[in-house]
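# Fold and geometry: a report
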Amino acid sequence: AQSVSQHNHHVILSEAASLELGCNYSYGGTVNLFWYVQYPGQHLQLLLKYFSGDPLVKGIKGFEAEFIKSKFSFNLRKPSVQWSDTAEYFCAVNGDTGGFKTIFGAGTRLFVKA
Amino acid sequence: GAGVSQSPRYKVAKRGQDVALRCDPISGHVSLFWYQQALGQGPEFLTYFQNEAQLDKSGLPSDRFFAERPEGSVSTLKIQRTQKEDSAVYLCASSLGTASYGYTFGSGTRLTVV
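Right, let's walk through the structure included here.

Conventions adopted
- Residues numbered from 1 in each chain as written.
- Chains lettered and ligands numbered in written order.
- Predicted model: local features only at pLDDT ≥ 70, side-chain atom pairs only at ≥ 80, totals over all residues.
- Heavy atoms only, no water.
- Helix = DSSP H or I, 4+ residues; strand = E, 2+ residues; numbered from the N terminus.
- Buried < 20%, exposed > 50% of the residue type's maximum accessible area, 1.4 Å probe, protein only.
- Contact = heavy atoms within 4.5 Å.
- Areas by Shrake-Rupley, 256 points an atom, 1.4 Å probe, with all protein chains shown as cover.
- Lys, Arg positive; Asp, Glu negative; His and termini not counted.
- Charge placed at Lys NZ, Arg CZ, Asp CG, Glu CD.
- Salt bridge = Lys/Arg side-chain N within 4 Å of Asp/Glu carboxyl O.

For chain A, the count of helices and strands is zero helices and twelve strands. Taken from the N to the C terminus, the helices and strands of chain A come in the order β-β-β-β-β-β-β-β-β-β-β-β. Referenced to the eigenvectors of the C-alpha coordinate spread, the extents of chain A come out at roughly 45 × 25 × 20 Å. Expressed as a percentage of its 114 residues, the buried residues of chain A come to 46%. Residue pairs at least 24 apart in sequence account for 57% of intrachain contacts in chain A once pairs closer than 6 positions are excluded. When the accessible surface of chain A is totalled, it reaches about 5,500 Å², and 54% of it is carbon and sulfur. Distance between charge centroids for chain A: 3 Å, based on 10 positive and 8 negative side chains.

Spelled out as structure tokens, the structure:
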């Protein structure tokens, strides 16, 4: 079955710390991978996406993610977090064998201490 | 409009009552998706429209759930005879093309069944 697993439900970091949020997926076929972010009181927004080409994808606000096909992973990274990065982050996958639906992980709540 | 608009933002329904949730997607977006997000979980796929055609309704949890998009723009998700387990945030998303484009989400409708 298609699924997305996010390793941490809650992460607490101090400002300027480095961030890595884990995401593994189970999907039989060619995949498109996404990270979405939901800031407090706001709607879900697309942070970055991968569908082909360079496996290292750069998104908004200094975030990047690396697609490692052999590990079925798409981890999100940021070298130095800011208080304003406090949000919930969702990893998601769709592709050529899942019809039209996108499968989301359960989310990781990130809290950055000022 | 500039974004995906959902109404109402909040809905409290008595158990057994019917509800209708509205989604107004971004103008020109062909694809429209409905998701259900329970507390502490990621969004779960309900159904997908391409223009007015409902191409996938595999995620609708029961025959009490019904969605339509008669003119290929505004969509309505209807839940008949609401139950407490229907309490969740219902998210609408639209996309220019297929799911590989990534979604633009609305703010959601928070449904509470009492």
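Now for the environment of B:Val30. Within the secondary structure layout, B:Val30 lies in the loop between β3 (19–24) and β4 (31–37). Taking the C-alpha atoms as reference points, B:Val30 and B:Leu91, 61 residues apart in sequence, are found 17 Å from one another.

What follows covers the pattern of salt bridges. It is possible for side chains bearing opposite charge to pair when their charged atoms get close. All names here are of chain B. Applying the stated criterion across every chain, the model contains eight salt bridges over all chains. With a closest N to O distance of 2.8 Å, arginine 64 and aspartate 86 form a salt bridge. Linking arginine 64 in the loop between β6 (53–56) and β7 (65–68) with aspartate 86 in the loop between β8 (75–79) and β9 (88–95), this pair joins segments that are 22 residues apart in sequence. The pair arginine 64 / aspartate 86 is uniform in exposure class, with both members buried.

Any functional reading would require information beyond the geometric quantities listed.
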